[in-house]
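Each chain, written out:
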Amino acid sequence: MLKIPPLLTLIWFPPVMQFSLPPLNDHNLPYPDTMHPIVVHFVIAMALFAVLCDAIAFFTKNTRLYEVSWWNLFFATLSIFIAIIFGQVEAGLAEPYDAVVPVLNAHTVLGWSLSAILAGMTAWRFILRSRDPGKLPMPYLGAGLVLAALVFVQVYLGDKLVWVYGLHTVPVVEAIREGVL
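(A) The arrangement of the layout of surface pockets in detail. Volume-wise, the largest pocket comes out at about 800 Å³. For the largest pocket, the lining is made up of 36 residues, of which His 36, Pro 37, Val 40, His 107 and Gly 158 are closest to its centre. Breaking the lining of the largest pocket down by element, the ones donating at least two residues are helix H2 (36-60), helix H3 (64-93), helix H4 (101-131) and helix H5 (138-164). Ranked by the residues each element gives to the lining of the largest pocket, the list is headed by H5, at nine residues. Considering only residue class, the lining of the largest pocket consists of 20 nonpolar, 13 polar and three charged.

As structure tokens, this is what we get:
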């Protein structure tokens, strides 16, 4: 267990907030299992479902689907920042070996980029919705397709980190701790 020196705790933390960091488990995490994949699956589903609802609403003229799409996009935007926080913490605790670094860096940059894209699209959608909630312009629908494509690339990179490189899996964590990787 990592202890913070007493003098530093009095300077940086009031006596009420003194604490010890929990030990890392066999996944190299201070909590039972990775949280990033759990949270990020909500983002993936909501963002892709928003794009799908927009496309269906555009072709069927079912304007109620625009409302469904708006709320999915809105909550995907909020959720992506929670996913990024957990992702950054877990990436920092992963102790990536040399082969993983390029994929992890690409995944990180694309994740932050997607947060900006989602926030921008949500703001754009808010303006469009306030003007006329019953229709969307073609450029917005095209941006939705680009968003969906970027989400698929991000999913591919995330899957590669877990299923190819084994970040936060017990065998890889053990190999790193033993100095094999």
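That covers the picture; the talk isn't over yet.
(B) Looking closely at the pattern of salt bridges. Applying the stated rule across the entire model yields two salt bridges. Linking Arg 125 and Asp 54 is a salt bridge whose minimum nitrogen-to-oxygen distance equals 3.0 Å. Here Asp 54 lies in helix H2 and Arg 125 lies in helix H4, a separation of 71 residues in the sequence. Judged by its relative accessible area of 5%, Asp 54 falls in the buried class. One salt bridge connects Arg 129 with Glu 67, and the closest N-O pair in it is separated by 2.6 Å. Taken together, the residues span a long stretch of sequence, with Arg 129 in helix H4 and Glu 67 in helix H3 at a distance of 62 residues.

(C) Geometry of the packing of aromatic side chains. Scanning all chains against the criterion turns up 10 aromatic pairs. Consider the rings of Trp 70 and Trp 71, whose centres lie 6.0 Å apart with planes at 65 degrees: the pair is edge-to-face. Where Phe 74 meets Phe 75, the ring centres are 5.2 Å apart and the plane angle is 80 degrees; that geometry is what we call edge-to-face. With relative accessibility at 40%, the residue Phe 75 sits in the partly exposed group. Put simply, the rings of Trp 70, Trp 71, Phe 74, Phe 75 and Phe 126 pair up and form one aromatic cluster.

The rules we used
Residues numbered from 1 in each chain as written. Predicted model: local features only at pLDDT ≥ 70, side-chain atom pairs only at ≥ 80, totals over all residues. Heavy atoms only, no water. 1 Å grid on protein atoms, 1.4 Å probe; cavity = no way out; pocket = protein on both sides within 12 Å on 5 of 7 lines; lining within 4 Å. Points joined across faces, edges and corners; volume = space filled by probe spheres on them. Helix = DSSP H or I, 4+ residues; strand = E, 2+ residues; numbered from the N terminus. Nonpolar A, V, L, I, M, F, W, Y, C, P; charged D, E, K, R; others polar. Salt bridge = Lys/Arg side-chain N within 4 Å of Asp/Glu carboxyl O. Buried < 20%, exposed > 50% of the residue type's maximum accessible area, 1.4 Å probe, protein only. Phe/Tyr/Trp six-rings, centres within 6.5 Å; stacked < 30°, edge-to-face > 60°.

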